[in-house]
Amino acid sequence: MSARRKIIVAAAQMGPVQRNHTRKQTIDRMVVLLNQAADRGADIAVYPEAILTPFFPHWHIEDEQELLGYFEDSMPNGGVQPLFDAAKDRGVGFSLGYAELTEDGRRFNTQIMVSGEGEIIGKYRKIHLPGYSDPRPHEPVQNLEKLYFEVGDLGFPVWEAFGGRVGMSICNDRRWPESYRVMGLQGVELILIGYNTLMHVPAMAEVDHLQSFHNLLSMQSNAYFNGTWVVAAGRAGVEEGISQLGQSAIIAPSGEVVAQAYTDGDEVITAEVDFDACNIFKKYMFNMREHRRPEHYGLISAPVSETWDAGELLDTQPVSGR
Ligand code: CDV
C-alpha cells in the first residue's frame with residue numbers, strides 16, 4: 001500500500017438524464033464534473049447509479065431491443081472513452097455506475113472503479129435489487145430492477161486502491177448493514193456508492209417524507225459501525241416526471257457528514273479523506289477480532305427460508321395518522 005494516507009474525494013451528483021438526452025450529452029456533463037473535481041485536487045470522483053441513461057427500471061419496457069439500448073456491452077467503449085481520457089489527462093480516478101450486458105447476454109447493475117491512469121481496477125455488481133419483476137400498471141412509477149437485472153455475482157470485494165482499502169455498493173445496498181459489514185470485515189476504509197432514490201415509492205408512500213432522513217441514517221450509521229469513509233453520489237431533480245432525492249454526501253468514519261450537496265442538479269462536493277481517521281474505530285469500539293461474536297450471529301447468513309417470514313405483514317394497512 002502507498003505510504004500516502006490522505007486523498008481528496010469527490011461525489012459528482014447529477015441532475016436528471018432525460019430520455020431525449022444522448023449519451024454524448026450526458027458524458028460531456030460528466031467530463032465537466034470530472035474537471036471540476038480535478039480542479040479541486042480530487043483523486044477520485046464518484047458518479048450516481050446507472051448514470052449513462054435515464055433510470056429505465058422506472059418504466060416497463062417490453063421491447064427487448066429497446067431495453068438493450070440502455071445497456072453497455074463493453075467498458076470502456078467509444079461513447080465513454082472521453083471520460084476515461086479525461087481521467088488519464090487530469091490524473092483523477094472515478095467510479096461509474098452503468099447497466100452491463102455481458103458477452104453471454106447477462107444483465108447486471110454495475111459499478112466500476114477507474115484509476116487516475118484511466119484503467120479499470122475494480123468492478124462490483126449490485127446485490128440488493130429492490131422492487132419486483134412483475135410490472136404494476138396501476139402505479140405511476142415502476143421499480144423493475146428484478147426484471148431487468150440479475151443479482152450481482154461478485155460479492156463485496158475490497159481493493160487496495162487510492163492509498164487505502166476501497167469497496168463499492170449501489171443504491172439499495174446502502175440500506176443493508178450486511179453490505180457494509182462484509183466490506184468492514186475486509187478492513188474497508190472507503191466505500192463508493194452511486195444511487196438513484198425516488199422521492200415517492202408507491203408501495204411505501206407513508207414514509208416518503210423520510211427519504212432524506214433514511215438516506216443519511218443508513219450511510220452515517222454504517223460508516224460508524226464499520227469505521228469507514230463513505231462517498232455517495234445521487235441522481236437529483238425531476239427525471240421523466242420522477243423526483244429524485246439528490247443529497248449526495250461524504251461521511252466520515254465517525255458517522256459525521258463532512259460534505260453534502262445542496263442543489264438538485266449537477267454538483268461536485270469534495271472532502272479530504274484521511275484513511276487513518278478509520279483507525280480509532282477499527283482498533284477500539286469496533287475491533288472485530290476482539291469484540292465481535294459471530295458464533296451468535298448464525299441467522300445473519302442463514303438461507304432466507306430459515307429466517308422470519310414477513311409475508312403475513314404484507315397485507316396490513318398503513319399506519320393511521322401518517
Ligand atoms: N435504485 C434503487 O435501488 N432505489 C431504491 C428505491 C427504489 C427504494 C433505493 O433504495 O433508494
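Just so it is clear, the model here is predicted, and its values are computed rather than measured.

1. Some points on the environment of Asn35
Phase 1 of the analysis: With respect to the helices and strands, Asn35 occurs in helix 1 (residues 23-39).
Phase 2 of the analysis: Considering only alpha carbons, one finds Asn35 and Ala86, 51 residues apart in sequence, at a separation of 7.7 Å.
Phase 3 of the analysis: A polar contact is formed between the side chain of Asn35 and the side chain of Arg90, at a distance of 3.0 Å.

2. Re the nonpolar core
Phase 1 of the analysis: Ranked by internal contacts, the top residues of the largest apolar core, which has 43 residues, are Met113, Leu190, Leu192 and Val230.
Phase 2 of the analysis: Counting 29 residues, the second-largest nonpolar core is a separate cluster that includes Leu52, Leu83, Ala86 and Phe94.

3. Let's talk about the sheet that holds strand 3 (residues 93-101)
Phase 1 of the analysis: Judged by pairing direction, the sheet is mixed, and its 6 strands sit side by side in the order 5-4-3-2-1-14 without closing on themselves. Edge positions in the sheet fall to strand 5 (120-125) and strand 14 (267-274), since each of these pairs with one other strand and no more. Along the sheet, successive strands turn relative to each other by an average axial angle of 30°, direction set aside.
Phase 2 of the analysis: Here helix 1 sits on the sheet in contact with strand 1 (6-13), strand 2 (44-46), strand 3 and strand 14, set at roughly 40° to strand 14.

4. Here we look at the layout of surface pockets
With a probe scaled to a water molecule rolled over the atoms, the places where space remains empty come into view.
Phase 1 of the analysis: Of the voids in this model, the second largest pocket is the one considered here, and its volume is about 310 Å³.
Phase 2 of the analysis: Surrounding the second largest pocket, 14 residues form its lining, Arg165, Gly184, Gly187, Lys282 and Met288 being those nearest its centre.
Phase 3 of the analysis: When contributions to the lining of the second largest pocket are tallied by element, the ones reaching two or more residues are helix 7 (279-285) and helix 8 (288-291).
Phase 4 of the analysis: Partitioning the lining of the second largest pocket into residue classes produces 3 nonpolar, 6 polar and 5 charged.

5. Topic: the packing of aromatic side chains
Centre distance and the angle of the planes are the two values used to describe a pair of aromatic rings.
Phase 1 of the analysis: Using the criterion set out here, one finds 12 aromatic pairs in the structure.
Phase 2 of the analysis: Note on Phe56 and Tyr148: the rings are 5.6 Å apart at their centroids and 35° apart in plane angle, and the pair reads as tilted. Remark: Tyr148 occurs in helix 4 (residues 145-148) and Phe56 occurs in the loop between strand 2 and helix 2 (64-68); sequence separation between them is 92 residues. Tyr148 shares its class with Phe56; the two are buried.
Phase 3 of the analysis: Put simply, the rings of Phe56, Tyr70, Phe71, Tyr148 and Phe149 touch in pairs and so form one group of aromatic residues.
Phase 4 of the analysis: Residue placement shows Arg19 over the ring face of Trp59; its charged tip is 3.9 Å from the ring centre.
Phase 5 of the analysis: Above the plane of the ring of Phe108 lies Arg125, whose end atom (NZ or CZ) is 4.1 Å from the centre.

How each quantity is defined
Residues numbered from 1 in each chain as written. Predicted model: local features only at pLDDT ≥ 70, side-chain atom pairs only at ≥ 80, totals over all residues. Heavy atoms only, no water. Helix = DSSP H or I, 4+ residues; strand = E, 2+ residues; numbered from the N terminus. Polar contact = N/O pair within 3.5 Å; in protein donor to acceptor, adjacent residues only side chain to side chain. Core = buried A, V, L, I, M, F, W, Y, C linked by side-chain atoms within 4.5 Å. Buried < 20%, exposed > 50% of the residue type's maximum accessible area, 1.4 Å probe, protein only. Pairing = 2+ DSSP bridges. Axes fitted to C-alpha atoms, helices over the stretch in contact; angles between N-to-C directions. Contact = heavy atoms within 4.5 Å. 1 Å grid on protein atoms, 1.4 Å probe; cavity = no way out; pocket = protein on both sides within 12 Å on 5 of 7 lines; lining within 4 Å. Points joined across faces, edges and corners; volume = space filled by probe spheres on them. Nonpolar A, V, L, I, M, F, W, Y, C, P; charged D, E, K, R; others polar. Phe/Tyr/Trp six-rings, centres within 6.5 Å; stacked < 30°, edge-to-face > 60°. Lys NZ or Arg CZ within 6 Å of the ring centre and 35° of its normal.

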